[in-house]
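Close look at the chain arrangement
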Amino acid sequence: MDAVKINRFSDLTVWQKAHELTLATYQLTEKFPRSEQFGIVSQMRRSAASVSANIAEGFGRRTTKELLRCLQISRGELEETRYFLILSRDLKYLPPSEFESMNNRCDSVGQLINALGRSLKERIGESKT
């Protein structure tokens, strides 16, 4: 089977799903209290956007090792986003059903980041750590 040529970061499924998470985060935080505009809203939006931004940056650096490094950063930003979702739920800014939906999105993006990372490591012959 021939490998599919990826020409742009936006062709990557992991980037597409991370971007969807960012858009959902922006929509979700529109409903938050105005007093949180420069607090949780700003932090959550920034961390969510950083997930897809770091994937794009890593792709643009054109080396597998740089992409792997940026995927690690994306994973950290994803977990930061998840923390702000938990905080928002606990502060009652986010209903449990919306939290679950967003948490599931985070899980999905995390799985894709991990899968791409494993694939890239195998490609360059690194051990599975």
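Look above for the structure.
Residues numbered from 1 in each chain as written. Predicted model: local features only at pLDDT ≥ 70, side-chain atom pairs only at ≥ 80, totals over all residues. Heavy atoms only, no water.

1. Here's the deal with the overall build of the protein
What counts here: Counting from the N terminus, the helices are DSSP H or I runs at least four residues long and the strands are E runs at least two residues long. The buried label applies to any residue whose accessible area, calculated with a 1.4 Å probe on protein chains only, is under 20% of its type's maximum; exposed applies above 50%, and partly exposed to all values in between.
Helix and strand content of the protein: four helices and zero strands. Walking the protein from its N terminus toward its C terminus, one meets helices and strands in the order α-α-α-α. Principal-axis analysis of the C-alpha atoms places the extent of the protein at approximately 50 × 25 × 25 Å. Within the protein, the fraction of its 129 residues that count as buried is 37%.

2. Some thoughts on the packing of aromatic side chains
How we decide: Only the six-membered ring of Trp is used, alongside the rings of Phe and Tyr, when aromatic pairs are assigned; centres must lie within 6.5 Å, and planes under 30 degrees apart are stacked while those over 60 apart are edge-to-face, with the rest tilted. Working rule: Lys NZ or Arg CZ, within 6 Å of ring centre, within 35 degrees of ring normal, means a charge sits over the ring.
All told, the structure shown has three aromatic pairs when counted by the stated rule. For the pair F9 and W15, a centre-to-centre distance of 5.2 Å together with 70° between the ring planes defines the contact as edge-to-face. Ring plane angle 50° and centroid distance 5.6 Å describe the contact between F32 and Y93, whose orientation is recorded as tilted. A residue pair is termed long-range when its members are at least 10 positions apart, and F32 in the loop between α1 (13-29) and α2 (40-60) and Y93 in the loop between α3 (64-90) and α4 (96-124) qualify at 61 residues. The exposure class of F32 is buried, given its relative accessible area of 8%. We classify Y93 as partly exposed; its relative accessible area is 25%. The residue whose ring lies beneath R89 is F99, and the NZ or CZ to ring-centre distance is 4.4 Å.

3. Here we look at unusual backbone geometry
Notably, R62 is not glycine yet its phi reads approximately 65°, a positive angle. With respect to the helices and strands, the residue R62 is situated in the loop between α2 and α3. Take R62: its relative accessible area is 60%, and that puts it in the exposed class.

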